[in-house]
Amino acid sequence: MNFLRNFFEKKLGPHFHEGGKWHKYWPAYEAFYTFLFLPAEKSSEGVHVHDAMNLKRLMSMVIIALIPPFLFGMFNTGYQHFLALGQQADLWQCMAYGASKLLPLVLVSYAVGLSIEFAFCVAKGHPVSEGYLVTGLLIPLVLPADIPLWMVALAVAFAVIFAKEVFGGTGMNILNVALTARAFLFFAYPSYMSGNIWVSGVPAEVNARSGATLLAQAADSEFLGHFRAVNGVGYENTFLSAFLGLVPGSIGETSALACLIGGLFLVGTGVASWRIIVSVFAGAYLTGLLFNALGWNAYMRLPAHYHLVMGGLAFGAVYMATDPVSAAQTSIGKWIYGFLIGVMTILIRVVNPAYPEGVMLAILLLNVLAPVIDYFVVQGNVRRRLKRFKTAAHVQ
Amino acid sequence: MSKHIKIRRGLDLRLEGEAEKITTVQDHIDTVCISPADFHLLTPKLLVQVGDEVKAGTPLFFVKEYPQVKVVSPVSGEVVEIIRGEKRRILGIKILADKTITYQKFPPFDYQNAPREELIARLCEMGLWPFFKQRPFDVVANPMLVPKAIVVSAFDTAPLAPDMDFVVHGCGPEFQAGLDILTRLTPGKVHLNVHETRTRSDIFLKARGVTINTFSGPHPASNPGVQIHHLDPINKGEVVWMLSVPDVLCIGRSILENQFVGTRVVALTGSEILKRRYVKTVIGATLKPLLAGNITHTDSTRIISGNVLTGKQVSLEGYLGYYHYQVTAIPEVQEPQFLGWIAPGFRKFSISRSYLSWLMPRKKYILDSGLQGEKRPFVVTGEYEKVFPMDIYPVQLIKAILANDLEQMEALGAYEVAPEDFALCEFVCTSKIPVQKIIRQGLDTLMKETA
């Protein structure tokens, strides 16, 4: 690798350093160089040794954790396609079809997102942060497979500029960037983001028959009977297919199992907050139970554990709610934040007939509320200290 | 009432290179250097000039802020250089030591019965006052104030730190005399904090006149700031004094002998030191005689006066810091590593389990001085809290400092902390933020504004 290092350090480097002709583009050079090499930068102040964790490592851990839903989503896109058409297809045909849909989305997402990111960093003279490597992969996974590429490009541009860069870039955003992209499409092009569109590459009439998500079906008042009619099986079996993910939906969200594997990896490596993941599921489950107890309509009577495997709850809990920048920052705050995401998700699903899925809006709402939650948690600490001070003053 | 406190959050960094329990006596001290920078924020007023002959105990400078506080020479000899930096700021006073040290004698003093003011005056006169550090602000104690408590930590959990039982071995009377002096300085308690399993010496366990509290758990359990936070937290307007065991020992010995005895047992530690030993030398000693020929690679080694978390980088020609009782040598980072961020990392250490080295929890590491990544905006949350065992929100406090919000700093507990309490936060930080430096700046600002 010495050749590569020499090329970067001796040939390219000088042009980008102070006084070089391309010094303006230093952030771009730094991004590529540090991608290839962990620099031998010395600790110059404070501690003399450092933990080996860094932002690149962190982001690559999240990307590894995204492999299960990514691969499964690829397969399921093909599987749903051939199933709806009534054609036989083996694993590789399903994967190939899924790849033909998913890879262009990923390509567009990275190309547009990273271009904007680099442009902003060069303009501001900031180093390029690694955050978009994860965001760029998350965005395709929360979209339907048939979304037009130009819409993806538009959504990515909107999200990166208005959810991230205007706030100051990585680490400064209030809303989760990937969900902002999805929300943009959801409200700007609702016909591409909801309804009977979830099975890829099939005629509209086929989609009308099978292209609704479980949640959309569940929102139907005659849920049980309807469900049996559509799927030919009782919903007793849908728990398993929803858990495995063999149902229509956004590319990466359908399999709770894949999300669970990714989630275990993230929690195991210490990258994601287990408090948030656990509390999202707890909030959703308890709200589901509450609705079960009320039982005013068929949807409310849907067993609470179904909510955990249907729709994007698992994906949102593992990959979206845990985004440390937009989540609550204090430990207690994380419990509250996650719990309320779970509650809001089920509330939106069950009570609001306009939106069959609630997890996206729930997370975005709690992103906005997270600083408030933290504020009250931290104020608790401040009040404790103030009380101690007053007691001490009183004794004297 | 003594207390038992279990510290739950923190990290014992397991490094290669502990010192063997053998003490060698340095036969000849070459030069010593006293650096005023070791006394944070204090302005030195010189009392000697180049060419002056000094004895051990002769004042080198007094402090502008508290004129009674003097810093004295730990050896007898000749002042050979006054090192100055920008704006003629004094960086160091260098003394070439005599072969045999002669001491400036002080008249006998009854430290057990003299009034408190006289005792303080005596400590100042003998150059023993700088050993007293205070919270808030982590600076040399203001001798005009009365502390609500004094804290001495009888163990050190920092990486490769010397065993205090060993340091204090055979010095029971001196240490007890030091403690006796401390008990006279506060109407409150003198807390002598011992470790549940590590502290075995009766010098600590049977110390008289003090409150002995037991601590257990990982670093920073030995930080006096962490200890007082759990014993008797500092409120606004309150002052607590803190001293290390070697400093108490020095005070006790000097008062008993009526002369300033600046000897100090120093542990030579770290993977790059060949003979890892304890050495009996003096405060401010030049490190070259201790390290020359005792280091693996002279050109690629980082020498630290102190430990890897809070110590100061020095050269081979450098000197032992005033408060330090440990020297650490670690490898300096050399080569950039190809795709280093994706390596499996059996030799890399992380408290996250993102490198495979977590499979080997008992492993001792040789860590180099590398930053292990790039400085980035603050992203990850919850990691500082894992190694910060105080009821304080570290990140929020840091942000208050960065925003220069004095009220918020005060409300979030800035009076209770010192940079060293945040050393592990800085170590684990994914974004490589210089946390200790930020805390120091915050304390400086707060001190200036509240003075």
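Quick caveat, the model's predicted, so the values are computed rather than measured.

Visitor: Would you take a moment to explain the overall build of chain B for this structure?
Guide: On a plain count of helices and strands, chain B comes out with 12 helices and 21 strands. On C-alpha atoms alone, chain B measures out to a radius of gyration of 22 Å, which is about the 22 Å that the 2.2 N^0.38 rule sets for 451 residues. Taking the principal axes of the C-alpha coordinates as reference, chain B spans close to 65 × 50 × 50 Å. For chain B, the proportion of contacts with a sequence separation of at least 24, taken over those separated by at least 6, is 68%.

Visitor: Help me understand the overall build of chain A, please; the structure alone is not making it clear to me.
Guide: Within chain A one finds 19 helices and 1 strand. For 396 residues, the compact-globule estimate of 2.2 N^0.38 gives 21 Å, and chain A sits close to it at 23 Å. Principal axes of the C-alpha set define a box for chain A whose edges measure 70 × 70 × 35 Å. Here chain A, with 396 residues, has 51% of them falling under the buried criterion.

Visitor: It is not clear to me how the sheet that holds strand 15 (residues 240-244) of chain B should be interpreted in this structure. Could you clarify?
Guide: Sheets are built from strands paired through backbone hydrogen bonds, the pairs being either parallel or antiparallel. Residue and element names in this part refer to chain B. Here we have 7 strands laid out as an open sheet, ordered 1-14-13-12-15-10-11, and mixed in their pairing. Unpaired on one side and paired on the other, strand 1 (4-6) and strand 11 (139-140) mark the two borders of the sheet. Pairing between strand 12 (residues 149-153) and strand 15: 5 bridges, direction parallel. When the sheet's bridge partners are listed, Ala149 is paired in strand 15 with Val240. Each of strand 12 and strand 15 is contacted by helix 6 (residues 245-257), which is oriented at about 90 degrees to strand 15, the strand it contacts most.

Visitor: Mind showing me how you'd approach the interface of chain B and chain A here?
Guide: Accessible area lost upon the coming together of the parts is a frequently used measure of interface size. With 64 residues of chain B in contact, the opposing surface of chain A contributes 50 residues. Elements with a minimum of two residues in the side of chain B that touches chain A: strand 18 (301-305), strand 21 (337-338), helix 9 (394-402), helix 11 (423-428) and helix 12 (435-450) of chain B. With 4 residues, the single largest contributor to the side of chain B that touches chain A is helix 11 of chain B. As defined by bridge partners, strand 1 (residues 37-38) of chain A adjoins strand 21 of chain B across 2 bridges and the pair is classed as antiparallel. The residue bridging Phe37 of chain A from the neighbouring strand is Phe338 of chain B, located in strand 21 of chain B.

Visitor: How should the nonpolar core be read in this particular structure?
Guide: Note on soluble globular proteins: their nonpolar side chains tend to be buried together. Tyr337 and Ile363 of chain A together with Val32 of chain B are the most contacted members of the largest nonpolar core, which has 236 residues in total. Three or more residues apiece are contributed to this core by two domains, here domain 1 (4-257) and domain 2 (371-450) of chain B. Ignoring anything within four residues of it in the chain, the contact list for Ile363 of chain A reads Asn176, Leu179, Gly316, Met320, Ala321 and Ile341 of chain A. Counting 5 residues, the second largest nonpolar core, distinct from the first, contains Ala84, Trp198, Val199 and Val202 of chain A.

Visitor: Sorry, what's going on with the domain arrangement of chain B here?
Guide: Residue and element names in this part refer to chain B. Partitioning chain B into structural domains gives domain 1 (4-257) and domain 2 (371-450). Counting from both sides, the interface comprises 19 residues of domain 1 and, opposite them, 18 residues of domain 2. Of the residues contributing to the side of domain 1 that touches domain 2, the split by class is 9 nonpolar, 5 polar and 5 charged.

Visitor: Got a minute to help me understand the sheet that holds strand 17 (residues 278-282) of chain B in this structure?
Guide: Residue and element names in this part refer to chain B. Read across the sheet, 6 strands follow the order 2-17-16-20-18-19 without closing on themselves; strand pairing throughout is mixed. Edge positions in the open sheet fall to strand 2 (23-25) and strand 19 (312-314), since each of these has one partner strand only. Each strand of the sheet is rotated relative to its neighbour by a mean of 35 degrees, with strand direction disregarded. With 5 bridges connecting them, strand 16 (residues 263-269) and strand 17 associate as antiparallel partners. For Val265, the partnering residue across the bridge sits in strand 17 and is Lys280.

Visitor: Hey, could you run me through helix 4 (residues 67-85) of chain A in this one?
Guide: What sets the pattern is the α-helix's 3.6 residues per turn: residues three or four places apart point alike. All names here are of chain A. Its 19 residues give helix 4 an end-to-end C-alpha distance of 27 Å, which sits within 8% of 27 Å, the value for a rise of 1.5 Å per residue. A large share of helix 4 lies buried, amounting to 14 of its 19 residues. Trailing helix 4 by a residue or two, Gly86 shows a phi angle of about 75 degrees, which is positive.

Visitor: For this particular structure, what's the right way to read the environment of Leu264 of chain A?
Guide: Take Leu264 of chain A: it is sitting in helix 14 (residues 256-269). Along the chain, Leu264 of chain A and Trp274 of chain A lie 10 residues apart, while their C-alpha atoms are 8.9 Å from each other.

About the thresholds
Residues numbered from 1 in each chain as written. Chains lettered and ligands numbered in written order. Predicted model: local features only at pLDDT ≥ 70, side-chain atom pairs only at ≥ 80, totals over all residues. Helix = DSSP H or I, 4+ residues; strand = E, 2+ residues; numbered from the N terminus. Rg over C-alpha atoms; globule rule 2.2 N^0.38 Å. Contact = placed C-beta atoms within 7 Å. Buried ≥ 20, exposed ≤ 12 C-beta atoms within 10 Å, placed from the backbone. Pairing = 2+ DSSP bridges. Axes fitted to C-alpha atoms, helices over the stretch in contact; angles between N-to-C directions. Core = buried A, V, L, I, M, F, W, Y, C linked by C-beta atoms within 7 Å. Domains from an automatic or database assignment. Nonpolar A, V, L, I, M, F, W, Y, C, P; charged D, E, K, R; others polar. Expected span 1.5 Å × (residues − 1).

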